[in-house]
Amino acid sequence: MARTAEMLLLALVMLLSLMAASVAEIKTLQITSDSRPMILFEKFGFTHTGQVSLAVSGVAVEATSTAAGTPIRSRIGFFLLSDESLLQVVQESAQNPNFCVLDSEFTIHLFTFQDLSNDPVSFNGPHPVKIPNEYSLYFANCNPETLVTMSVRTEIYNLDDRVKDYLSAGQTQLPSLFFLFSIAYFVFLGIWIYYCYKNKRSVHRIHLLMTALVLMKALNLLFAAEDKHYVKVTGTPHGWDVLFYIFQFIRVTLLFTVIVLIGTGWSFLKPFLQEKEKKVLMIVIPLQVLANVASAVIGETGPFIKDWFTWQQVFLLVDIICCCAILFPIVWSIRSLRETSKTDGKAARNLAKLTLFRQFYVVVIGYLYFTRIVVFALRTIAAYKYQWVSNAAEEIASLAFYLVMFYMFRPVEKNEYFVLDEEEEEVALAALRDEEFEL
């Protein structure tokens, strides 16, 4: 039992390091015949006015074998645990063969099943959190070979002038943040549409897709702001989460599609896609469907379901595959242009195209690196009260990426694609002979 508890808690150390503070919506969770010794429900950043309310109903505890004996109800219950205390609990479990996490001095004890009344619904709370910190809400069952069935209603919040705030202390700024960025994208969309209208002779099909992308991004942020706002005020999203996931799916799929199509030069360099380029799209789009399903499962359930961590791994794996896949068309275009430059006698034009695609390649790499690695690092090292900083950094990086990409491939009659200055032909030809465009 001690060895099992130790391995479980070590796994939870890794899990908690990957988890951001969750949105503490008012949730009703059903646990059915569950034998897990510990279940992680939520992670939440508390202020000095934090409260935890739990309502448990339909409680049933049964032994799976006669050797297990009668389950001890005082060894089944709920508690809060901070990341700082987690390693100390692991050490306790290693030193004591009969260790039960409910007995640890490093946990904030809420209640055990022994404290529950015999009513159909046992309401136990609210429990004030006296020490501000980021805590995880756990359920523990220290009876081996027992199954627990129950329905749990969780309500976690901070009080702000006696008004409940259901967002974690580090996320309460997110509704305003997302709303401001949605306004920025709507302004960006208006300027882009005006620019396309002024240069309508140079507008290609890719520019229409880019317009749709900005619109989806603006709407996605608007619905994210509404989702967070209603959760903050009422504890439930009131259906805004559905719109958020729908437009997130459309936006992410469009983003990867636009990057792939720009990388191939579709519509502004050539009117068709090669077979290998079509295969990239056939890989990326279905994977994005899977990634968004995983994202919805992660966001709408929680770590209390048995397959939650598996869905997290699926999301990370699919995201990495898609990020790698979208780079191939850009590399192929650069190599194709380099080969073409040796035979078509248009050195200046090919040099301009190569320069543009090489810059685009660097921009995409920088965007993926920042939003996947730097943002994750910020989310990991930032204090729980400043978790919103990682969201702000991600949105700033995304807006910068959109601005650069749209500027590079804007509809202009005389842009980098049509540079034909004969005086620069020799210089361009010499540059193309260099290896500076090798990746």
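Structure: see above.
Conventions adopted
Residues numbered from 1 in each chain as written. Predicted model: local features only at pLDDT ≥ 70, side-chain atom pairs only at ≥ 80, totals over all residues. Heavy atoms only, no water. Disulfide = S-S within 2.5 Å. Helix = DSSP H or I, 4+ residues; strand = E, 2+ residues; numbered from the N terminus. Buried < 20%, exposed > 50% of the residue type's maximum accessible area, 1.4 Å probe, protein only. Pairing = 2+ DSSP bridges. Axes fitted to C-alpha atoms, helices over the stretch in contact; angles between N-to-C directions. Parallel < 35°, antiparallel > 145°, perpendicular 65-115°, else oblique. Left-handed = near helix turned anticlockwise from the far one by under 90°. Nonpolar A, V, L, I, M, F, W, Y, C, P; charged D, E, K, R; others polar. Phe/Tyr/Trp six-rings, centres within 6.5 Å; stacked < 30°, edge-to-face > 60°.

A word on the state of the cysteines
Turning to step 1, where the next piece is worked out: Following the criterion strictly, the structure yields 1 disulfide and no others.
Turning to step 2, where the next piece is worked out: Sulfur-sulfur distance for the disulfide between C100 and C142 comes to 2.0 Å. Handedness here is read from the sign of the S-S torsion; for C100 and C142, about 80 degrees, the answer is right-handed. Of this pair, C100 sits in the loop between helix 2 (83–95) and strand 5 (108–112) while C142 sits in the loop between strand 7 (134–141) and strand 8 (146–160), placing them 42 residues apart in sequence.
Turning to step 3, where the next piece is worked out: For C100, a relative accessible area of 2% gives the class buried.
Turning to step 4, where the next piece is worked out: Counting only cysteine sulfurs, C323 is the nearest neighbor of C322, a cysteine outside any disulfide, at a range of 7.0 Å.
Turning to step 5, where the next piece is worked out: Using a relative accessible area of 0% as the deciding quantity, one classes C322 as buried.

Comments concerning the sheet that holds strand 5
Turning to step 1, where the next piece is worked out: Taken together, the 4 strands give an open sheet; going across it, the order is 2-7-4-5, and neighbouring strands pair in antiparallel fashion. Lying at the two open borders of the sheet, with one neighbouring strand each, are strand 2 (38–45) and strand 5. Direction aside, neighbouring strands of the sheet carry axes that sit 20 degrees apart on average.
Turning to step 2, where the next piece is worked out: With 4 bridges joining them, strand 4 (residues 76–82) and strand 5 adopt antiparallel strand pairing. In the strand pairing of strand 5, G77 is matched with T112.

A closer look at the packing of helix 4 (residues 205–234) against helix 5 (residues 240–264)
Turning to step 1, where the next piece is worked out: Contact geometry of helix 4 with helix 5 gives a least axis separation of 8 Å together with a crossing angle of 150 degrees. By the angle class used here, helix 4 and helix 5 are roughly antiparallel. As for how helix 4 packs across helix 5, the hand of that crossing is left-handed.
Turning to step 2, where the next piece is worked out: Class assignment for the residues of the contact of helix 4 with helix 5 results in 20 nonpolar, 2 polar and 5 charged.

Looking at unusual backbone geometry
Residues other than glycine predominantly adopt negative phi, and peptide bonds predominantly adopt the trans conformation.
Turning to step 1, where the next piece is worked out: The backbone of S33 sits at a positive phi, close to 45 degrees, despite the residue not being glycine.
Turning to step 2, where the next piece is worked out: With respect to the helices and strands, the residue S33 is situated in strand 1 (residues 27–34).
Turning to step 3, where the next piece is worked out: The exposure class assigned to S33 is partly exposed, which follows from its relative accessible area of 33%.
Turning to step 4, where the next piece is worked out: Positive phi is not limited to glycine here, since D161 has a value of about 55 degrees.
Turning to step 5, where the next piece is worked out: Tracing the sequence through the fold places D161 in the loop between strand 8 and strand 9 (163–165).

Digging into the packing of aromatic side chains
Turning to step 1, where the next piece is worked out: Throughout the structure, instances matching the rule amount to 20 aromatic pairs.
Turning to step 2, where the next piece is worked out: Considering the side-chain rings of F223 and W240, the 5.7 Å spacing of their centres and the 35 degrees angle between planes classify their relative orientation as tilted. One end of the pair, F223, is in helix 4; the other, W240, is in helix 5, and 17 residues separate them in sequence.
Turning to step 3, where the next piece is worked out: Overall, F223 belongs to the buried group, its relative accessible area being 12%.

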